[in-house]
Amino acid sequence: MDLFFWVAIALLVLGIVGSVLPLLPGALLSVVAVVLYWWSTGFSDPGLLALVGLLLVGFAALAADYGAGFVAARVGGASSRTSLLAGVVGFVLMFILGPLGIFVGVAGTVFVVEYLEHEDAEQSGQRALYATVGVLASSAVQVFLTFSMLVGFVLAVVV
């Protein structure tokens, strides 16, 4: 195996880790790994079908990374404005409180904004819970998808 294979494997493993750690773009690292290796082989390996499959999984992981919390908040009944604000606050608090900041920011923002708009603590709590579960579910989905990319890559290239 050549250097680019091992670099791709390292990036795919980092992609899995990045699916859990907030500042590491896991899905993006996994996509870059596959494209980098494909480029290094003169666009021949993995084959076109495997490449398309791996990239589709990678783009699904990207969608989960950037959209699941928003979608979960919307499904829970929060407004688009509240969902976007919660994402921004969670992102900012991530730098202050680490990974916990995401959850505190999302849950707290959804609860406070929804409560100020509707003055219903139970409904606001439910919407905050939906948003928080969405963020957690997003990480779980990303881990599964990025791990699948690693396994698929190894199978496509080695076997």
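For clarity, every value in this text was computed on a predicted model and none was experimentally measured.

Asks: Would you mind going over the overall build of the chain with me for this structure?
Replies: Each helix and strand counted, the chain has six helices and zero strands in total. Secondary structure of the chain in N-to-C order comes out as α-α-α-α-α-α. Burial statistics for the chain: of 159 residues in total, 36% are counted as buried. Restricting the contact set of the chain to residue pairs at least 6 apart, pairs at least 24 apart contribute 65%. With an accessible surface of roughly 8,400 Å², the chain has 77% of that area assigned to carbon and sulfur atoms.

Asks: I keep staring at the environment of F103 and nothing clicks. Help me out?
Replies: For F103, the position within the fold is in helix α5 (residues 99-118). The class for F103 is partly exposed, based on a relative accessible area of 26%. Taking the C-alpha atoms as reference points, F103 and V133, 30 residues apart in sequence, are found 9.2 Å from one another. Setting aside its immediate chain neighbours within four residues, F103 contacts G108, T132, V135 and L136.

Asks: Could you clarify how one ought to interpret the nonpolar core in this entry?
Replies: Grouped burial of nonpolar side chains is what soluble globular proteins tend to show. Among the nonpolar cores identified, the biggest contains 22 residues, and F5, L12, V34, Y37, M149 and F153 are the most heavily contacted of them. Breaking this core down by element, the ones donating at least two residues are α1 (3-18), α2 (26-40), α3 (48-75) and α6 (121-158). Once residues lying within four places of it in the same chain are set aside, the contact partners of F5 are Y37, F153, V157 and V158. Core analysis: the next-biggest nonpolar cluster, separate from the first, contains 10 residues, M94, V110, A131 and V135 among them.

Asks: Hey, could you run me through a nonpolar patch on the surface in this one?
Replies: On the surface, L23, V88, F91, V92, F95, I96, L97, L100 and V104 cluster together into a nonpolar patch covering about 900 Å² of accessible area. Mapped by element, the contributors of at least two residues to the nonpolar patch are α4 (80-97) and α5. If you tally residues by element for the nonpolar patch, the top one is α4, at six residues. Structurally, the position occupied by I96 is in helix α4.

Asks: It is not clear to me how α5 should be interpreted in this structure. Could you clarify?
Replies: Residues spaced three or four apart along an α-helix face the same direction, because each turn holds 3.6 residues. Helix length check: α5 (20 residues) gives 29 Å between terminal C-alpha atoms against 28 Å at 1.5 Å per residue, within 8%. Within α5, the full set of buried residues consists of G101, I102, G105, V106, T109, V110, V113 and E114. Looking straight down α5, one finds its buried side chains confined to an arc of 155 degrees; they lie on one side. On its buried side, α5 packs onto α4 and α6.

Asks: What's the story with α2 in this structure? I'm lost.
Replies: Under the 1.5 Å per step criterion, the end-to-end length of α2 is 21 Å for 15 residues, consistent within 8% with the ideal 21 Å. Every buried residue belonging to α2 is among G26, A27, L29, S30, V31, A33, V34 and Y37, and all of these are buried. Note on α2: the residue one or two positions beyond its end, G42, has a positive phi of about 75 degrees.

Asks: Help me out: how do you make sense of the packing of aromatic side chains in this one?
Replies: The geometry of an aromatic ring pair is captured by two quantities: the separation of the ring centres and the angle between the planes. Within the structure shown, the criterion is met by eight aromatic pairs. Measuring from centroid to centroid gives 6.1 Å for F111 and Y115, while their planes differ by 10 degrees, and the two rings are stacked. You can see F111 and its partner Y115 sitting in helix α5, four residues apart, about one turn around the helix. Exposure remark for F111: the relative accessible area of 32% places this residue in the partly exposed category. Among the residues examined, Y115 registers a relative accessible area of 36% and is labelled partly exposed. Members of the aromatic cluster, each reached through a chain of ring pairs, are F5, W6, Y37 and F153.

About the criteria used
Residues numbered from 1 in each chain as written. Predicted model: local features only at pLDDT ≥ 70, side-chain atom pairs only at ≥ 80, totals over all residues. Heavy atoms only, no water. Helix = DSSP H or I, 4+ residues; strand = E, 2+ residues; numbered from the N terminus. Buried < 20%, exposed > 50% of the residue type's maximum accessible area, 1.4 Å probe, protein only. Contact = heavy atoms within 4.5 Å. Areas by Shrake-Rupley, 256 points an atom, 1.4 Å probe, with all protein chains shown as cover. Core = buried A, V, L, I, M, F, W, Y, C linked by side-chain atoms within 4.5 Å. Patch = residues over 30% accessible without salt bridge, like charges linked within 9 Å, V, L, I, M, F, W, Y side chains within 5 Å. Salt bridge = Lys/Arg side-chain N within 4 Å of Asp/Glu carboxyl O. Expected span 1.5 Å × (residues − 1). Arc of directions from axis to C-beta. Phe/Tyr/Trp six-rings, centres within 6.5 Å; stacked < 30°, edge-to-face > 60°.

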